[in-house]
Amino acid sequence: AQAGVDAFPARPTDLYAGVGRSLEAAVPYAVTYYGARELTRRFVGDGLAPADLSVVLATVGVSEAVAIAVRAPADVLATRAQVRGGDANPSNAIALGLERAPAQICSEVPYVLLR
């Protein structure tokens, strides 16, 4: 915390200003991830329990990359809503989110593959 700066929100409701936007990011991300994972698994033609580790890695990697491309713009909106007290203008959030998506994909896909 910075000296002389109050760490608490001005109003208690400001703390929850981005909850709606966060859910708008989390729900499509989850739907996209699991949908892409299922489609990739079916495309590869593997059963419910894949036998080959490369199939698992490819399926999870593709699914995570697609889901991040959906989540990145929504994360920008959620952050703006929390910082600005609920006033999130989506004017350039999609462009900014898609600009940040490759960096997120490069940092998060390897992490997800190691889980």
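Since the structure is predicted, the reported quantities are computational estimates derived from the model, not experimental observations.

Colleague: Honestly, the overall build of the protein chain in this entry has me stumped. Any pointers?
Modeller: Within the protein chain, the regular secondary structure consists of three helices and zero strands. Scanning the protein chain from its N terminus toward the C terminus, one meets helices and strands in the order α-α-α. In the protein chain, which comprises 115 residues, the share counted as buried stands at 28%. For the protein chain, long-range pairs separated by at least 24 residues make up 68% of all intrachain contacts whose partners lie at least 6 apart in sequence. Approximately 7,600 Å² of the protein chain is accessible, and the part contributed by carbon and sulfur atoms is 64%.

Colleague: Got a minute to help me understand the pattern of salt bridges in this structure?
Modeller: Any two side chains of opposite charge can pair, on the condition that their charged atoms come close. Per the stated rule, a full pass over the model turns up three salt bridges. Taking the shortest distance from any N to any O, the salt bridge between Arg71 and Glu108 comes out at 2.8 Å. Linking Arg71 in helix α2 (residues 53-83) with Glu108 in helix α3 (residues 93-114), this pair joins segments that are 37 residues apart in sequence. Here the residues in one salt-bridge network are Glu38, Arg41 and Arg42, joined through shared partners.

Colleague: Help me out: how do you make sense of the nonpolar core in this one?
Modeller: In this structure, Tyr29, Tyr33, Val60, Ala67 and Val112 together form the largest nonpolar core, which totals five residues. Counting only elements with at least two residues in this core, the list comes to α1 (19-44) and α2. In contact with Tyr29, not counting residues within four places along its chain, are Glu64, Ala67, Ile68 and Arg71.

Colleague: Honestly, the packing of aromatic side chains in this entry has me stumped. Any pointers?
Modeller: For any two aromatic rings, the description comes down to two numbers: the centre-to-centre distance and the angle of the planes. Under the criterion given, the structure shown has two aromatic pairs. Ring centres of Tyr29 and Tyr33 lie 6.4 Å apart, and the angle between their planes is 20°; on these two criteria the pair is classed as stacked. With Tyr29 and Tyr33 both in helix α1, this residue pair falls four residues apart, about one helical turn. On the basis of relative accessible area, Tyr29 is assigned to the buried category, the value being 18%. In this structure Tyr33 comes out as buried when scored by relative accessible area, which is 10%. These aromatic residues form a ring-pair network of at least three members: Tyr29, Tyr33 and Tyr34. Positioned above the aromatic ring of Tyr29 is the side chain of Arg71, whose terminal nitrogen or guanidinium carbon lies 4.9 Å from the ring centre.

Conventions we followed
- Residues numbered from 1 in each chain as written.
- Predicted model: local features only at pLDDT ≥ 70, side-chain atom pairs only at ≥ 80, totals over all residues.
- Heavy atoms only, no water.
- Helix = DSSP H or I, 4+ residues; strand = E, 2+ residues; numbered from the N terminus.
- Buried < 20%, exposed > 50% of the residue type's maximum accessible area, 1.4 Å probe, protein only.
- Contact = heavy atoms within 4.5 Å.
- Areas by Shrake-Rupley, 256 points an atom, 1.4 Å probe, with all protein chains shown as cover.
- Salt bridge = Lys/Arg side-chain N within 4 Å of Asp/Glu carboxyl O.
- Core = buried A, V, L, I, M, F, W, Y, C linked by side-chain atoms within 4.5 Å.
- Phe/Tyr/Trp six-rings, centres within 6.5 Å; stacked < 30°, edge-to-face > 60°.
- Lys NZ or Arg CZ within 6 Å of the ring centre and 35° of its normal.

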